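Inside the fold
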Amino acid sequence: MLSVNNLAARIEEKEILRGLSLDLPAGQVHAIMGPNGSGKSTLGYVLAGHEGYEVTGGSVTFGDADLLAMEPEARAAAGLFLAFQAPLELPGVNNANFLRTALNAIRRAHGEAELDAVGFLRLARAEAKRLAMPDDMLKRNVNVGFSGGEKKRNEVLQMAILRPKLAVLDETDSGLDIDALRIVADGVNALRGPEFSALVITHHQRLLDHLVPDRVHVLSKGRIVRSGGPELARELEANGYAGVVADAA
Amino acid sequence: MPAVTETIDTVQSLTQSGYKWGFETDIEMDIAPKGLTTDTVRMISAKKGEPEWLLEWRLAAFAAWEAMVEPNWAKVGYPKIDYQDIHYYAAPKRPAPKSLDDVDPELLAMYEKLGIPLKERAVLAGVEGAGMEGVIGSGNPNIAIDAVFDSVSVATTFRDTLAKSGVIFCPISEAVREHPELVRKYLGTVVPVSDNYFAALNSAVFTDGSFVFIPKGVRCPMELSTYFRINAKNSGQFERTLIIADDGAHVSYLEGCTAPMRDENQLHAAVVELVALDDAQIKYSTVQNWYPGDANGRGGIYNFVTKRAACRGARSKVSWTQVETGSAITWKYPSCILQGEGSVGEFYSVAVTNNRQQADTGTKMIHIGKNTRSTIVSKGISAGRSDNTYRGLVRILPRASGARNHTQCDSLLIGDQCGAHTVPYIESRNPTAKVEHEATTSKIAEDQLFYCRSRGLSEEDAVGLIVNGFCKEVLKELPMEFAVEAQKLLAVSLEGSVG
Ligand SMILES: Nc1ncnc2c1ncn2[C@@H]1O[C@H](COP(=O)(O)OP(=O)(O)OP(=O)(O)O)[C@@H](O)[C@H]1O
Ligand SMILES: [Mg+2]
């Protein structure tokens, strides 16, 4: 599904990713952990196509496509979704309208018929209900005045509606209360299947208890320094990064 | 390349060719020689067959204008205008049409091109004037339209229907003949001839415009609309609009404007006067789309307009709503004189500037009567290398106890070569008055665009969503039919403002 080869990227002359390689087969969920500032969000942004980051080396294939050659909206149409660590506010832009415009743009790209307002609302309400989110979240402006946790839930709602093939969840669990954490994990689990993969960036074992990953990778200074099964996350939770990161250095 | 730089480039390339109303129509014209003297004023008055009092009035205005100097306090820059190098009268050669057959076929073709099918309708059979469907809000049978082509009004629709309810809606030149007592009573009482440089000029040489009178207690049964088109070369357009709503009358009026693309700048100096008596309500909406000039600031309309409403009656209300996307330079401050006790003034504005456009616009709310209220909502959007200034005055006079004003002024910047300026003047001379002013400036951040794009939206969709969201409070004030058009116009004028 996703294959990252020796990826290097920088922002404003600062090298952040330095030869990162990662294989995420279709149908799998991988967790990415690592100290603050190690480049986890940067990886998400580079995969989604943020123009502020300059890719200086390496390659990324998504399905059969050269991901790095695509515009951000084309990546979304191809099935990539990034849940932002810090979702942006769009003052004056109604959440439902935003999501419908997005969904229809993706449907258009696939040659599918657009959904009208009624059809869309039916879909969106059903998804909101599954995620135990109040309906009025759809009526409000995108993330404006949302609490930290509400913003994260809104990201998950967007994911549920846009139905990506690959979701990159950047600390979507931070700021969620215990119930919400469960709901979010269930939301991702519900999408799991042979056609869906996820890259879950997190600092907490708690999420991984509900959303059990196939693999866990540790990122340090822009590289994956260690990979393992779900037990690696538990080990990190117990001992911290010191050992892992030092090993690699 | 960062999104914002692309924005500017694309805006520039698009705007160069993006003005689709920019064609010229080859119509036989009756054009006065260039230049402005008392003879020009006399010639215009004679052409219109005006009574002596109006000629005197014009001559007084001309004398006042000659003694004045062009204002330069606005934040706009332009080369000196040579007032002797302008034609002050240009009219299609054929006389004002009595029926569709009298309308010049070229003119009909032009309206066709503008998407205004001028066609005879069954309801209008036997009625003077041609049936013209909505200029904006095209095809809406609930809108009556007066079309002003260069200097003269060429067609007014639905006059009979309106006449049944006592509403007068006609070219002002006709009102001078048919309803001289009304014109004489109100003309120049809101904007005196010597009010300002451009108003004085307009008073001296105005050629046509619309006249509306809504009698006591009548709610005008349809939207009234005037469509202005400048066509002739090197000509100025000086239209004059006068709207009177008698006690308890209600009316909603809309104006729209376009012009051909030309290298030279053209002057447009209109005056609009509104009078609202006791309990009367006037809603005046403008969708202004004069040719803005090319990406380098060549050509375009100088739009120097004086618009003012007198809320003379108790509890009267005037609402100005404007969506300004065109013109090279806009200098315009639709204002309300809140004289009647409890009268209400509102100003809702969206001003978009792109490329080299300059807009200095805002409003004046003059609170004279007790418990008068005013609301100002101004949304400025700047892109390219444009400059967008909000200039507003709220003045509370000593007698205006309990007066209230709320001002909300928001600026949105697209790119980093444009400017937004907010210049509020507040003068309160009554301690019981409450004046509130809020201002914000925001930028469409690259991260916001990226967020949208990561969801599958194109940059254009994203800018459209954000801009429409930004203007929502103003757009919802427009009559329904026009809100949709205005939204499209915003999209067009910012089209490709990114990627
Ligand atoms: N615009 C920028 N200019 C300079 N440095 C930046 C910029 N954006 C990110 N960085 C730096 O890049 C490094 C990686 O940041 P990134 O956000 O990818 O870390 P992270 O692993 O997601 O951290 P966290 O766990 O705190 O979310 C950090 O040192 C950060 O300060
Ligand atoms: Mg991060």
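For the structure, check the block above.
A brief structural summary.

How each quantity is defined
- Residues numbered from 1 in each chain as written.
- Chains lettered and ligands numbered in written order.
- Predicted model: local features only at pLDDT ≥ 70, side-chain atom pairs only at ≥ 80, totals over all residues.
- Heavy atoms only, no water.
- Near = heavy atom within 4 Å.
- Polar contact = N/O pair within 3.5 Å; in protein donor to acceptor, adjacent residues only side chain to side chain.
- Areas by Shrake-Rupley, 256 points an atom, 1.4 Å probe, with all protein chains shown as cover.
- Helix = DSSP H or I, 4+ residues; strand = E, 2+ residues; numbered from the N terminus.
- Nonpolar A, V, L, I, M, F, W, Y, C, P; charged D, E, K, R; others polar.
- Axes fitted to C-alpha atoms, helices over the stretch in contact; angles between N-to-C directions.
- Left-handed = near helix turned anticlockwise from the far one by under 90°.
- Contact = heavy atoms within 4.5 Å.
- Pairing = 2+ DSSP bridges.
- Donors = N, O, S within 2.8 Å, 3.2 Å for Na, K, Ca; no water.
- Buried < 20%, exposed > 50% of the residue type's maximum accessible area, 1.4 Å probe, protein only.
- Buried area = accessible area lost by both parts, 1.4 Å probe.
- Salt bridge = Lys/Arg side-chain N within 4 Å of Asp/Glu carboxyl O.
- Core = buried A, V, L, I, M, F, W, Y, C linked by side-chain atoms within 4.5 Å.

Moving on, we get to the site of ligand 1. Residues and elements named next belong to chain A. In the region of ligand 1, 16 residues are neighbours, and Gly37, Gly39, Lys40, Ser41 and Thr42 sit closest. Here an oxygen atom of ligand 1 and a backbone polar atom of Ser38 are 3.2 Å apart. Measuring from an oxygen atom of ligand 1, one finds a backbone N or O atom of Gly39 at 3.0 Å. Protein contacts shield 68% of the accessible area of ligand 1, which totals 640 Å² for the unbound molecule. When contributions to the shell around ligand 1 are tallied by element, the ones reaching two or more residues are strand S2 (14-24) and helix H1 (40-48). Among the elements that take part in the shell around ligand 1, H1 stands out by supplying 3 residues, more than any other. Classifying every residue of the shell around ligand 1 gives 4 nonpolar, 8 polar and 4 charged.

All names here are of chain A. Running from N to C, helix H3 (residues 95-109) and helix H6 (residues 148-162) cross one another at 35 degrees; their axes reach a closest spacing of 10 Å. The crossing of H3 and H6 is right-handed. Residues Asn95, Phe98, Leu99, Ala102, Leu103 and Ile106 of H3 form the contact with H6, whose participating residues are Asn154, Gln158, Ile161 and Leu162. Looking at the contact of H3 with H6 residue by residue, the class counts come to 7 nonpolar, 3 polar and no charged.

This part takes up the pairing of strand S4 (residues 54-62) of chain A. Residues and elements named next belong to chain A. As paired elements, strand S1 (residues 2-11) and S4 share 7 bridges and run antiparallel to each other. Paired with Ser3 across the strands is Thr61, a residue of S4. Taken together, the 2 bridges between S4 and strand S5 (residues 65-66) define a ladder with antiparallel strand orientation. Opposite Phe62, over in S5, you have Ala65 as the bridge partner. Linkage of S4 to S5, two consecutive antiparallel strands, is achieved through a turn of 2 residues, within which Gly63 is found at a positive phi near 60 degrees.

Perfect tetrahedral coordination of a metal by four donors corresponds to 109.5 degrees between them, and perfect octahedral coordination by six donors corresponds to 90 or 180 degrees. Residues and elements named next belong to chain A. Of the protein atoms, only Ser41 (OG) and Gln85 (OE1) coordinate the magnesium ion (ligand 2), at distances of 2.0 Å. With Ser41 in helix H1 and Gln85 in the loop between strand S6 (80-83) and H3, this residue pair connects regions lying 44 residues apart in the sequence. Gln85 sits in the partly exposed class, given a relative accessible area of 33%.

Further remarks concern the interface of chain A and chain B. The interface of chain A with chain B comprises 34 residues on the first partner and 19 residues on the second. Ranking the residues of chain A by area buried against chain B places Glu51(A), Glu73(A) and Leu88(A) at the top, with a combined share of 25%. The interface formed by chain A and chain B contains 5 salt bridges. For Glu155(A), the salt bridge goes to Arg455(B), with nearest N and O atoms at 2.7 Å. Across the contact surface, chain A and chain B share 12 residue pairs in polar contact (both at pLDDT 80 or more). Secondary-structure elements contributing two or more residues to the side of chain A that touches chain B are H1, helix H2 (72-77), S6, H3 and H6 of chain A. Broken down by element, the residue count for the side of chain A that touches chain B peaks at 7 residues, all from H3(A). For the side of chain A that touches chain B, a count of residues per class yields 20 nonpolar, 8 polar and 6 charged.

In this section: the nonpolar core. Counting residues in each nonpolar core, the largest one holds 97 residues, and the members touching the most others are Leu2(A), Leu47(A), Phe98(A), Leu199(A), Ile381(B) and Val467(B). Discounting chain neighbours no more than four positions away, the residues touching Ile381(B) are Val350(B), Ala351(B), Val352(B), Thr353(B), Asn388(B), Leu412(B), Ile414(B), Val467(B), Phe470(B), Cys471(B) and Leu494(B). Within the second largest apolar cluster, 54 residues are counted, among which are Leu55(B), Tyr186(B), Phe198(B) and Val275(B).

Negative phi values dominate among residues other than glycine, just as trans dominates among peptide bonds. All names here are of chain A. Backbone geometry at Ala132 places phi at a positive 55 degrees, although glycine is not the residue there. Mapping Ala132 onto the fold places it in the loop between helix H4 (117-130) and helix H5 (136-139). Residue class for Ala132 comes out partly exposed when judged on its relative accessible area of 45%. Even without glycine at this site, Glu171 takes up a positive phi of about 50 degrees. Tracing the sequence through the fold places Glu171 in the loop between strand S7 (166-170) and helix H7 (178-191).

All right, on to the sheet that holds strand S10 (residues 223-228) of chain A then. Residue and element names in this part refer to chain A. Spatially, 6 strands are ordered S6-S7-S8-S3-S9-S10 in an open sheet, and the strand pairing comes out mixed. Of all strands in the sheet, those with a lone pairing partner are S6 and S10, marking the two edges. This sheet shows a mean twist of 20 degrees between the axes of neighbouring strands, independent of strand direction. Relative to S10, strand S9 (residues 215-220) is paired through 5 bridges, and the arrangement is antiparallel. Looking at the pairing, Val216 lines up with Gly228 of S10. Strands S6 and S7 of the sheet are contacted by H6, whose axis makes an angle of about 170 degrees with S6.

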